[in-house]
Amino acid sequence: MTEDHGLDATPGTGGQASWRDSVPESTATDLENLLGTGISAAQEQLQRNGGFLPFALTVQTDGEVRMVAVSPADAEEGSGGDFDADGMISDLTALLRQNREDFRAAAVVCDILLVEEESDAIHVATEHRDGQVFAAVLPYSPNARNRTWAFGELAADASEPTIWVD
């Protein structure tokens, strides 16, 4: 599921020609900011609550980063209380598309399963209004001994624009 496109996992780091070299400085800064903030917020929710619901982040036109959240739909009877993460991601994307004139970049952050690695992961898909996209995954697993989380290596992932499309 995770693809390596020869990009640095974290935009703007490393020695070889990186993702950052191919985009304007301001765009790279916005996407890096969203990636870092998204990973940190998801890690914090994992540590505090043992999991996290999908959420979005935006970089407003003035540079301020804001969090955007939607409520999960009521769990269907017999579903064991599971929420519809795909529905929440669709709702977040629709909300971001409706309000895209209010910000210059956005990210959707969610919990995914990396099937080949048999690992959960934080997935952050960033998008800038100038058309640039960047996504990354950070695998994680519980550490039962000390009730914390172990995080793997941040890796680039494939992504398609979803907000600035018509």
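What counts and how
- For every chain, the first residue of the written sequence is number 1, and numbering continues from 1 along that sequence.
- Two thresholds apply to this predicted model, a pLDDT of at least 70 for residue-level local features and 80 or more for giving and counting side-chain atom pairs, whereas whole-chain, interface and lining totals are computed over all residues.
- Calculation of side-chain values draws on the structure's entire complement of heavy atoms; hydrogens and water are dropped beforehand.
- Here, a salt bridge means any Lys or Arg side-chain nitrogen found within 4 Å of an Asp or Glu carboxyl oxygen.
- Working definition: with a 1.4 Å probe on protein chains only, accessible area under 20% of the residue-type maximum means buried, over 50% means exposed, and in between means partly exposed.
- A run of H or I in DSSP counts as a helix once it spans at least four residues, and a run of E counts as a strand once it spans at least two, with each numbered from the N terminus.
- As used throughout, the charge tally considers Lys and Arg to be positive and Asp and Glu to be negative, leaving His and the chain termini uncounted.
- Polar contact is defined as a pair of N or O atoms within 3.5 Å, subject to the rule that within protein one atom must be able to donate a hydrogen and the other to accept it, and that residues adjacent in sequence are counted only when both atoms are side-chain atoms.
- Note on definitions: a residue-residue contact is assigned when non-hydrogen atoms from the two residues lie within 4.5 Å.
- Note on terminology: a nonpolar core comprises buried Ala, Val, Leu, Ile, Met, Phe, Trp, Tyr and Cys residues joined through side-chain atoms within 4.5 Å.
- Note on pairing: DSSP must find at least two bridges between two strands before they are called paired.

Engineer: Even after reading the chapter, I still don't get the pattern of salt bridges, so can you show me in this structure?
Structural biologist: Here the idea is simple: oppositely charged side chains can pair when their charged atoms come close. Within this structure, the stated rule accounts for 3 salt bridges. Arginine 66 serves as the salt-bridge partner of glutamate 64, at 3.4 Å between the closest nitrogen and oxygen. A relative accessible area of 36% places glutamate 64 in the partly exposed class.

Engineer: How do you make sense of the side chain of aspartate 157 when you look at a structure like this?
Structural biologist: Note that aspartate 157 resides in strand 7 (residues 155-157). It turns out aspartate 157 is buried and unbridged, and the closest side chain with the opposite charge, arginine 97, is 20 Å from it. Within the structure, aspartate 157 has its side chain in polar contact with the side chain of histidine 123 (distance 3.0 Å).

Engineer: It is not clear to me how the environment of aspartate 102 should be interpreted in this structure. Could you clarify?
Structural biologist: Relative to the assigned elements, aspartate 102 resides in the loop between helix 2 (85-98) and strand 3 (103-114). Once the C-alpha coordinates of aspartate 102 and threonine 58 are considered, the two residues, 44 residues apart in sequence, prove to be 9.1 Å apart. Residues within four places of aspartate 102 in sequence aside, it is in contact with Gln60 and Thr61.

Engineer: Before we go on, may I ask you to explain the nonpolar core in this structure?
Structural biologist: Taken as a class, soluble globular proteins show a tendency for nonpolar side chains to be buried jointly. Phe52, Phe55, Val109, Ile122 and Val124 are the most contacted members of the largest nonpolar core, which has 22 residues in total. Looking at which element gives the most residues to this core, the answer is helix 1 (residues 25-49), with 7 residues. Contacts of phenylalanine 52, omitting those with residues within four sequence positions, involve Ala42, Gln45, Leu46, Val109, Cys110, Asp111 and Ile122. Met88, Leu92, Leu96 and Phe103 belong to the second-largest nonpolar core, a separate cluster that totals 11 residues.

Engineer: Looking at this structure, how should I read the pairing of strand 4 (residues 119-128)?
Structural biologist: In the case of a regular strand, side chains alternate between the two sheet surfaces. A large share of strand 4 lies buried, amounting to 9 of its 10 residues. Pairing between strand 3 and strand 4: 10 bridges, direction antiparallel. Its bridge partner lying in strand 4, isoleucine 112 is registered against alanine 121. The turn linking strand 3 back onto strand 4 is made up of 4 residues, and glutamate 118 within it adopts a positive phi angle of 50 degrees.

Engineer: Explain unusual backbone geometry to me, please; I cannot follow it from the model alone.
Structural biologist: With glycine set apart, most residues show a phi of negative sign, and most peptide bonds adopt trans. Phi is positive for glutamate 118, which is not a glycine, with a value near 50 degrees. Among the structural elements, glutamate 118 can be located in the loop between strand 3 and strand 4. Relative accessible area serves as the criterion here: at 72%, glutamate 118 is assigned to the exposed category.

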